[in-house]
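Okay, here's what each chain looks like letter by letter:
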Amino acid sequence: MKSVLFASLFLSLLILSSCDECNDCDLKITEPRISVTFINADSLFTLTQLSDSLGLMLDSLQNESDTLESHRDFLSDSLINVEIGIDSGNVSLQPFKDQLVLAIKDDSVLIASISNEITGADSVLQMYSGIMDLINSGSVLVDHITNVHNDLSINFDDSISSYTIPLNIHDTLSWFEVSIADQSYDLQLTHSNTEFVDGRRNVSIEISGIEIFTHSFDSVAIDCNQENCKANETVITCSF
Amino acid sequence: MKRLLPVLFSLIAVAVQGQNDTVEVHRKPFTPRLYWDYGKTALSWSNFETKTEFGLEILLFERIQLIGEGGTATLKPEKAFQNVEYTSQGQYFRIGAGYLANLSAKDRIGIGVRYGISNFEDEGLVSIDFQSDLNDVYTSQFNRKDLNASWYEIVLNSERKVHLNRSNPESILNDIFHIGFLFRYRVLIEYTDQQPIDIYTIPGYGRTLDKRLPAINLFLKVNLF
């Protein structure tokens, strides 16, 4: 009887005990990051202006070419008349014939030169058009992004429209060097770093209060879902 | 508290049952007793903890226990955090009282309460490897001193006389040594909580994640005179 009572007491006490073991303890820690989109707005504007200028220049060259061809046609007609006169026995027209031949030759050389310029400008215009189509697709190839604090880089092989970048967990300043088409840009962000313990008993870093400190892009815009810009919820758009 | 009721009822039942079966003997009015938690000492070989605990008991009329306990502990729980080398160390003391009832000529069972305090410090080395291409491994340290905690305990005590002289049941040697265990149900009152990384374990109490915590101590008890 005593042993039964004792056992019941023991079981009652064991019921009171509780465990708080973590679940999925082997999962890796999520790193605080931001999403960055790079828009080549400046190049798009410049290319549009260049294309327009190049189009005007092409029109002008074409007009000049047309004028020269008309002039050459007129000179050719005149040459025919002069040659008829010379064949009729008017040898005094021979100096005019020589001048007309030289003038037609000069026009032909100029027309050929202008034609070459038109061909070159047209190929440049087509190249501009191709680049503009690529920019308008919203996809930019970033060569690499470097953490200036430790010189570690992420290299990219494919164009993507949004890059996910780990923030600096060691300091409240994240300083990135972004290389696009052999051109380097700086992007510096300030933020608050806070240690916290997650549900899996991992100590991790939470980053919030993200703000643009300085940059060398044409413009940078920050978009937060919440008032206190938190990592993993913040999107930054850089125009260059 | 509702969950405690069946426990208390069971304890009372055991004590009453023990009283009924008790063989009447002459009761010494004053018996000082010293006990050693050999279970804690035995576990000190592990890398996770080093503990030493002793207790002094004044047994009045072989029924009423007045108890003081003290110990030191260095705790290095592996599962404290996934990425922190954590250590908590310090001293703790408990005072309390209890009631002992005879189950037989050799066995006793009792119930009691304790109030415990602990003064300790903890430290940790945080190491975070985010597997990132842009960040090095993150490390930081913390070292927090002069931390305090208090709790109370409901204690079930069971002990058995060790008969060193079996040939003479009346020998005084048979009344000196006792072995037994203490089943403690601890309820945390307060502690100096820390942020963002809170104290994981308190010497003398246990994990702070559990505000109520059961524990078992094994002891060797000696009647001093």
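A brief look at the structure comes next. Here the structure is a predicted model, which is why all the values come from computation and not from measurement.

Where nonpolar side chains cluster on the molecular surface, the patch consists of F93, I95, Y115, I117, Y152 and I189 of chain B and spans about 600 Å² of accessible area. Those elements that provide at least two residues to the nonpolar patch are β4 (84-102) and β5 (107-128) of chain B.

A word on the state of the cysteines. All names here are of chain A. The full count for this structure, using the stated rule, is one disulfide over all chains. Across a sulfur-sulfur distance of 1.6 Å, C224 and C229 are joined as a disulfide pair. Judged by the sign of its S-S torsion, about 85 degrees, the bond between C224 and C229 is right-handed. Look at C229 and you get buried, because its relative accessible area is 9%.

We now examine the sheet that holds strand β6 (residues 183-197) of chain A. All names here are of chain A. As summarised here, the arrangement of the five strands in space is β3-β2-β5-β6-β7, forming an open sheet in which the pairing is antiparallel. Among the strands making up the open sheet, the edge pair consists of β3 (152-155) and β7 (203-215). Within the sheet, the average angular offset between the axes of one strand and its neighbour, ignoring direction, is 25 degrees. Here strand β5 (residues 173-180) runs beside β6; their pairing, made up of eight bridges, is antiparallel. Of the residues in β6, the one forming a bridge with I180 is Q183.

Before going further, it helps to spend a moment on the environment of V137 of chain B. Mapped onto the secondary structure, V137 of chain B falls in the loop between β5 and β6 (138-161). Its relative accessible area of 42% is what places V137 of chain B among the partly exposed residues. Separated by ten residues in sequence, V137 of chain B and S127 of chain B have C-alpha atoms that sit 6.9 Å apart. Once residues lying within four places of it in the same chain are set aside, the contact partners of V137 of chain B are H170 of chain A together with S127, I128 and D129 of chain B.

For the rest of this paragraph, the subject is helix α2 (residues 41-87) of chain A. Taking 1.5 Å as the rise per residue, α2 of chain A with 47 residues should run 69 Å; its terminal C-alpha atoms sit 68 Å apart, in good agreement. One or two positions beyond α2 of chain A, positive phi appears at G89 of chain A, with a value near 110 degrees.

The rules we used
Residues numbered from 1 in each chain as written. Chains lettered and ligands numbered in written order. Predicted model: local features only at pLDDT ≥ 70, side-chain atom pairs only at ≥ 80, totals over all residues. Heavy atoms only, no water. Patch = residues over 30% accessible without salt bridge, like charges linked within 9 Å, V, L, I, M, F, W, Y side chains within 5 Å. Areas by Shrake-Rupley, 256 points an atom, 1.4 Å probe, with all protein chains shown as cover. Salt bridge = Lys/Arg side-chain N within 4 Å of Asp/Glu carboxyl O. Helix = DSSP H or I, 4+ residues; strand = E, 2+ residues; numbered from the N terminus. Disulfide = S-S within 2.5 Å. Buried < 20%, exposed > 50% of the residue type's maximum accessible area, 1.4 Å probe, protein only. Pairing = 2+ DSSP bridges. Axes fitted to C-alpha atoms, helices over the stretch in contact; angles between N-to-C directions. Contact = heavy atoms within 4.5 Å. Expected span 1.5 Å × (residues − 1).

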